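In case you want the letters, here they are:
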Amino acid sequence: MADPVIRIMDLWKNYGGDGSGAPALRGTSIEIKKGEIVALFGKSGSGKSTLFNLIAGLDRPTKGRIEVEGQDLEVLGDRGRTTFRRMKLGFIFQFFNLLPTLTAFENIFLSLELANRAEPDLALKALKEVGLEGKEERFPNELSGGEQQRVAIARAIVKRPSLILADEPTGNLDTVTGNQILELLTQRCHESETTLIMATHTPLTCRYATRILRMVDGIITEETSCEEMAR
Ligand SMILES: Nc1ncnc2c1ncn2[C@@H]1O[C@H](COP(=O)(O)OP(=O)(O)OP(=O)(O)O)[C@@H](O)[C@H]1O
Ligand SMILES: [Mg+2]
């Protein structure tokens, strides 16, 4: 059996620092394998974004351990975590998070540059793949919400990362556009065997996933089916 891409062991996050306040993560553990498409459900405040920030190495746990491809993020140190993010991780946000002063092309090219793969053709191909051919020179404010999210997807997939974290990728889109984005994102991940974790409120996401998890008060549990999500 394939080694897990992510292994999370007894993960705690307490923003209080001094031990005050309820922890956002309360000793949760999970393993995620290569190529899994995971929908992570959970109410607002349950700890989904906290988990993503820790997996991305943008923040550090209070206690516990995260391994990505067998590498302990704590052992990597700050520089190692930055390299990991640039080379191996795609991050898609609810509000797209494109750089407003860069064009669609430049937003993607920058991500390639940071991964030491400054090849313009790759950026152009990625934009074409998400259906944005001809809009390369547009700035984010000249694109619709769905188009901006396509740029964000292109930016994530262009590096061929081993892992993509998508935090509410359709949260800011209407249902039809949201479905198109989910279709596109999950199809690309299937094709390249990229592991994808999507944090979500919406049951729509369920049918695009190969595995369903639920976060309740800082602990992840396994769900058996989409039907269960409707209850
Ligand atoms: N930087 C922070 N400082 C202090 N508390 C925080 C911080 N970030 C999150 N929290 C708290 O941690 C808990 C989990 O928040 P988190 O953002 O992970 O939830 P979420 O599941 O992503 O919610 P949503 O669905 O609304 O995005 C919440 O109680 C929140 O108030
Ligand atoms: Mg969140």
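Trainee: Sorry, what's going on with helix α2 (residues 73-88) here?
Mentor: An α-helical turn contains 3.6 residues, so any two residues separated by three or four positions project in the same direction. When the terminal C-alpha atoms of α2 are compared, their 13 Å separation across 16 residues is substantially less than the 22 Å that a helix rising 1.5 Å per residue should span. Where α2 bends most, at arginine 79, the angle is about 90°. Considering only its buried residues, α2 is in contact with α1 (48-55), β4 (63-68), β5 (71-72) and β6 (89-92). The N-terminus of α2 is capped by aspartate 72, whose side-chain oxygen sits 2.9 Å from the backbone nitrogen of glutamate 74.

Trainee: Could you clarify how one ought to interpret the sheet that holds strand β2 (residues 25-33) in this entry?
Mentor: Hydrogen bonding along the main chain pairs the strands of a sheet, whether they run parallel or antiparallel. Taken in spatial order, the four strands make up an open sheet running β2-β1-β4-β5, and their pairing is antiparallel. Looking along the sheet, the strands with just one partner apiece sit at the ends: β2 and β5. Where β4 and β5 come together, two bridges link them in antiparallel fashion. Across the sheet, the residue bridging to glutamate 67 is aspartate 72, located in β5.

Trainee: Can you help me understand the state of the cysteines in this one?
Mentor: As used here, a disulfide is simply a covalent bond connecting the sulfur atoms of two cysteines. The full count for this structure, using the stated rule, is zero disulfides. Just so you know, cysteine 189 is unpaired, no disulfide at all, and the nearest cysteine sulfur is the one on cysteine 206, 17 Å from it. Cysteine 189 sits in the buried class, given a relative accessible area of 1%.

Analysis parameters
- Residues numbered from 1 in each chain as written.
- Chains lettered and ligands numbered in written order.
- Predicted model: local features only at pLDDT ≥ 70, side-chain atom pairs only at ≥ 80, totals over all residues.
- Heavy atoms only, no water.
- Helix = DSSP H or I, 4+ residues; strand = E, 2+ residues; numbered from the N terminus.
- Expected span 1.5 Å × (residues − 1).
- Bend = angle between axes of the 7 residues up to and from the residue.
- Contact = heavy atoms within 4.5 Å.
- Polar contact = N/O pair within 3.5 Å; in protein donor to acceptor, adjacent residues only side chain to side chain.
- Pairing = 2+ DSSP bridges.
- Disulfide = S-S within 2.5 Å.
- Buried < 20%, exposed > 50% of the residue type's maximum accessible area, 1.4 Å probe, protein only.

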